[in-house]
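# An overview of the molecular structure
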Amino acid sequence: MREASCPQCRGVARLVRNPYYGAGLAVHADLLVCEACGFAGFAENSQQDAAAQDRTAPDEGLLQRVLRHLTGR
C-alpha cells in the first residue's frame, strides 16, 4: 500500500489500485482515500503509467482483420 497526502486536509491518504482501470473509459490507475477526513477521489497517473498506456497498440478491428486475411498479409 502506498501513501500520499490528501488534497483537502493534507492528512495521510492511501493510494488504492482502481479495479476498473483499463476497462472502458477508466483512465485513472489509482484511487486516493484519505484516512483523516474520508475524502475519496482519483489520483493523478504517474509518468510511468502514462508512458505504458501510450505504448499500447489499439486493438485490431474486424474490418482490419478481414482485409488482412483477404490480402494475405
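First things first, this report covers the structure right here in the doc.

So, how was this worked out
- Residues numbered from 1 in each chain as written.
- Predicted model: local features only at pLDDT ≥ 70, side-chain atom pairs only at ≥ 80, totals over all residues.
- Heavy atoms only, no water.
- Pairing = 2+ DSSP bridges.
- Helix = DSSP H or I, 4+ residues; strand = E, 2+ residues; numbered from the N terminus.
- Core = buried A, V, L, I, M, F, W, Y, C linked by side-chain atoms within 4.5 Å.
- Buried < 20%, exposed > 50% of the residue type's maximum accessible area, 1.4 Å probe, protein only.
- Contact = heavy atoms within 4.5 Å.
- Salt bridge = Lys/Arg side-chain N within 4 Å of Asp/Glu carboxyl O.
- Patch = residues over 30% accessible without salt bridge, like charges linked within 9 Å, V, L, I, M, F, W, Y side chains within 5 Å.
- Areas by Shrake-Rupley, 256 points an atom, 1.4 Å probe, with all protein chains shown as cover.
- Axes fitted to C-alpha atoms, helices over the stretch in contact; angles between N-to-C directions.

Moving on, we come to the pairing of strand β2 (residues 12-17). Alignment of strand β1 (residues 2-5) against β2, held across four bridges, turns out to be antiparallel. Bridge pairing in β2 places Arg 2 opposite Leu 15. Joining the antiparallel neighbours β1 and β2 is a turn of six residues, in which Arg 10 adopts a positive phi near 65°. Here five bridges tie β2 to strand β3 (residues 30-34), and the two strands are oriented antiparallel to one another. In the sheet register, Arg 14 faces β3, and the bridge partner there is Val 33.

Side chains of a nonpolar character, in soluble globular proteins, are inclined to be buried together. With six residues, the main nonpolar core is built from Cys 6, Ala 13, Leu 15, Leu 32, Cys 34 and Ala 43. Discounting chain neighbours no more than four positions away, the residues touching Leu 15 are Arg 2, Ala 4, Asp 30, Leu 31, Leu 32 and Ala 43.

Tallied over the full model, the rule gives two salt bridges. Between Arg 17 and Asp 30 there is a salt bridge, and its shortest N-O distance comes to 3.5 Å. One end of the pair, Arg 17, is in strand β2; the other, Asp 30, is in strand β3, and 13 residues separate them in sequence. Asp 30 sits in the buried class, given a relative accessible area of 5%.

This brings us to a nonpolar patch on the surface. Taken together, the side chains of Leu 62, Leu 63, Val 66, Leu 67 and Leu 70 present a nonpolar region at the surface, about 520 Å² in accessible area. In this fold, Leu 70 is placed in helix α2 (residues 62-71).

Let's shift gears to the sheet that holds β3. As summarised here, the arrangement of the four strands in space is β1-β2-β3-β4, forming an open sheet in which the pairing is antiparallel. The sheet is open, and its two borders are formed by β1 and β4 (40-42), each paired with just one other strand. Taken pair by pair, the neighbouring strands of this sheet meet at an average axis angle of 35°, ignoring direction.

Attention now moves to unusual backbone geometry. Not every positive phi belongs to a glycine, and Arg 10 is a case in point at roughly 65°. For Arg 10, a relative accessible area of 61% translates into the label exposed.

Right, let's get into α2. For α2, the buried fraction is low: zero of the ten residues fall into the buried class. One or two positions beyond α2, positive phi appears at Gly 72, with a value near 80°.

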